[in-house]
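Here is how the chains run, residue by residue.
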Amino acid sequence: MDIAVIGSNNVDLITYVTRMPVDGETIEAPDFSIGCGGKGSNQAVAAARLGAEVLMVTCVGDDAFASMTLENYRANGIGIDLVKQVPGTSGVAPIFVDPDSHNRIIIVKGANNGLAPEDLEAAADRIAQCRLIVVQLEIRMETVLAAIDLGNRLGVPVLLNPAPASPDLDLEWAARCDYVMPNETELALLTGMPVEDEAQVREAAMVLLRRGCRHVVVTLGSRGVLWLHGDEDGALLEEALVPSVQVEAVDTTGAGDAFIGCFARCLTRGDAVPQALATANAYAALSVTGRGTQTSYPDADTFDQWCSARGLARGCGRTA
Ligand code: RIB
């Protein structure tokens, strides 16, 4: 296996609104779609569609949403033997997308809260065979910390996407990860530092690096991503601002997860970090041109064709 994703699954209930209702108001929305989501699942599906072998470590409920999620994993060739099932509701996410393609998301964690540190210990032999662990914050914090600890003990690199932003994540734990990939809001919460301009973002990212994290990648939206690479003593070795690919956005839901999933795929097939970041920027850009969450994640062939048509020499296909 290339990647173990230890994280969430949700079913996304996406309403396309012309505006948000005010208190006490009922309004009509022009469109709605339902699809598989959850930051963990999204990252797993993006990586799998691009050719990675992915093992999903997650927890579903016993409702219709669970069946939908399991079928989705099967359809995308994702390993599901470590998917736990508990009584009750699966994770669900009501999402509102406005005409400017911005979204507002509410998550109901449901069964995602059922994934426990003991489940990871029980799966340690399988996780040890993976080349990368990918984890986010839509599961219990104690399970996130157990995932980081397990990766450190097994010698499997850990990629932490500290999303959604949580005040419960300790900086020291984040620094134990090989790759930490926050957006600006998440970086500010994690470090307690301001991120009003690029100099402040860099200074906050340097704090993580000095604490021992080897790669800090801050996603800056349409401005691209800032990458800092350090040595084991926290000294800066390299840095780069990797530009985004400009497109007309239709729906940005799940774009950050597309970026992480593609980056994980590129890393585990041996790409250098700057190249993997450039490819992931292109994949995230393509994803925002389509509606929905995973429905907007292209497979490797489609992505390669899109890259070629735009003169981007950085496809992520099986043949690349
Ligand atoms: O990052 C987008 C995801 O956030 C959605 O799929 C939703 O389920 C929430 O987890």
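Note: the structure precedes this text.
Quick caveat, the model's predicted, so the values are computed rather than measured. (Residues numbered from 1 in each chain as written. Predicted model: local features only at pLDDT ≥ 70, side-chain atom pairs only at ≥ 80, totals over all residues. Heavy atoms only, no water.)

For helix α2 (residues 64-75), spanning 12 residues, the distance from its first C-alpha to its last is 17 Å, which sits close to the expected 16 Å at 1.5 Å a residue. Looking at the buried residues of α2, the elements they touch are β2 (10-16), β3 (31-37), α1 (39-49), β4 (54-60) and β5 (83-85). Positive backbone phi, approximately 70 degrees, marks G77, located one or two places after α2. (Helix = DSSP H or I, 4+ residues; strand = E, 2+ residues; numbered from the N terminus. Expected span 1.5 Å × (residues − 1). Contact = heavy atoms within 4.5 Å.)

So, on to the site of the ligand. What surrounds the ligand is a group of 13 residues, the closest being D12, G38, K39, E138 and D257. In this structure, an oxygen atom belonging to the ligand sits 2.9 Å away from a main-chain N or O atom of G38. A distance of 3.0 Å is found between an oxygen atom of the ligand and a side-chain nitrogen or oxygen belonging to N42. Alone, the ligand offers 280 Å² of accessible surface; in the complex the protein occludes 96% of this. A class-by-class count of the residues in the shell around the ligand yields 3 nonpolar, 6 polar and 4 charged. (Near = heavy atom within 4 Å. Polar contact = N/O pair within 3.5 Å; in protein donor to acceptor, adjacent residues only side chain to side chain. Areas by Shrake-Rupley, 256 points an atom, 1.4 Å probe, with all protein chains shown as cover. Nonpolar A, V, L, I, M, F, W, Y, C, P; charged D, E, K, R; others polar.)

The interhelical angle for the contact between helix α9 (residues 255-268) and helix α10 (residues 273-287), taken along N-to-C directions, is 145 degrees, at an axis separation of 8 Å. In terms of crossing hand, the pair formed by α9 and α10 is right-handed. Here α9 contributes A255, A258, F259, C262, F263, C266 and L267 to the contact with α10, which in turn contributes V273, A276, L277, T279, A280, N281, Y283, A284 and S287. For the contact of α9 with α10, the class distribution of residues is 13 nonpolar, 3 polar and no charged. (Axes fitted to C-alpha atoms, helices over the stretch in contact; angles between N-to-C directions. Left-handed = near helix turned anticlockwise from the far one by under 90°.)

What follows concerns the packing of aromatic side chains. Counting across every chain of the model gives 3 aromatic pairs. Judged by centre distance (6.3 Å) and plane angle (50 degrees), the ring pair of Y283 and Y297 falls under tilted. Of the two residues, Y283 sits in helix α10 while Y297 sits in the loop between α10 and α11 (300-309), which places them 14 residues apart along the sequence. On the numbers, 5.0 Å between centres and 80 degrees between planes, the contact of Y283 with F303 is edge-to-face. Remark: F303 occurs in helix α11 and Y283 occurs in helix α10; sequence separation between them is 20 residues. Like Y283, the residue F303 is buried in the burial classification. Among the aromatic residues, ring-to-ring pairing joins Y283, Y297 and F303 into one connected group. (Phe/Tyr/Trp six-rings, centres within 6.5 Å; stacked < 30°, edge-to-face > 60°. Buried < 20%, exposed > 50% of the residue type's maximum accessible area, 1.4 Å probe, protein only.)

The pairing of strands in a sheet comes from backbone hydrogen bonds and takes either a parallel or an antiparallel form. Across the sheet, 4 strands lie side by side as β3-β2-β6-β7; this open sheet has mixed pairing. With partners counted over all chains shown, the strands left at the sheet margins are β3 and β7 (103-105), one partner each. Recorded for the sheet is a direction-independent mean angle of 20 degrees between the axes of neighbouring strands. Inspection of the sheet shows β2 paired to β3 by 7 bridges, in the antiparallel sense. Paired with T15 across the strands is F32, a residue of β3. Against the sheet, α2 contacts β2, β3 and β6 (92-97), and its axis sits at roughly 65 degrees relative to β3. (Pairing = 2+ DSSP bridges.)

Within the open sheet, the 9 strands sit side by side as β5-β4-β1-β8-β9-β10-β11-β12-β13. Their pairing is mixed. Every interior strand has two partners, whereas the edge strands, β5 and β13 (236-242), have only one. Sheet topology note: the strand β9 (residues 158-160)/strand β10 (residues 179-180) ladder contains 2 bridges and is parallel. Opposite L159, over in β10, you have Y179 as the bridge partner. Running over the sheet, α9 touches β1 (3-6), β8 (132-135), β9, β10, β11 (215-219) and β12 (225-230) and is turned about 170 degrees from β8.

Turning our attention to the nonpolar core. Counting residues in hydrophobic clusters, the biggest one holds 51 residues, and the most contacted among them are F259, F263, L277 and W306. Considering every element that reaches this core, the biggest residue donor is α10, with 10 residues. Aside from chain neighbours lying at most four places away, what touches F263 is L159, Y179, M181, V273, A276, L277 and A280. Counting residues in hydrophobic clusters, the runner-up holds 48 residues, among them A111, A174, L187 and V201. (Core = buried A, V, L, I, M, F, W, Y, C linked by side-chain atoms within 4.5 Å.)

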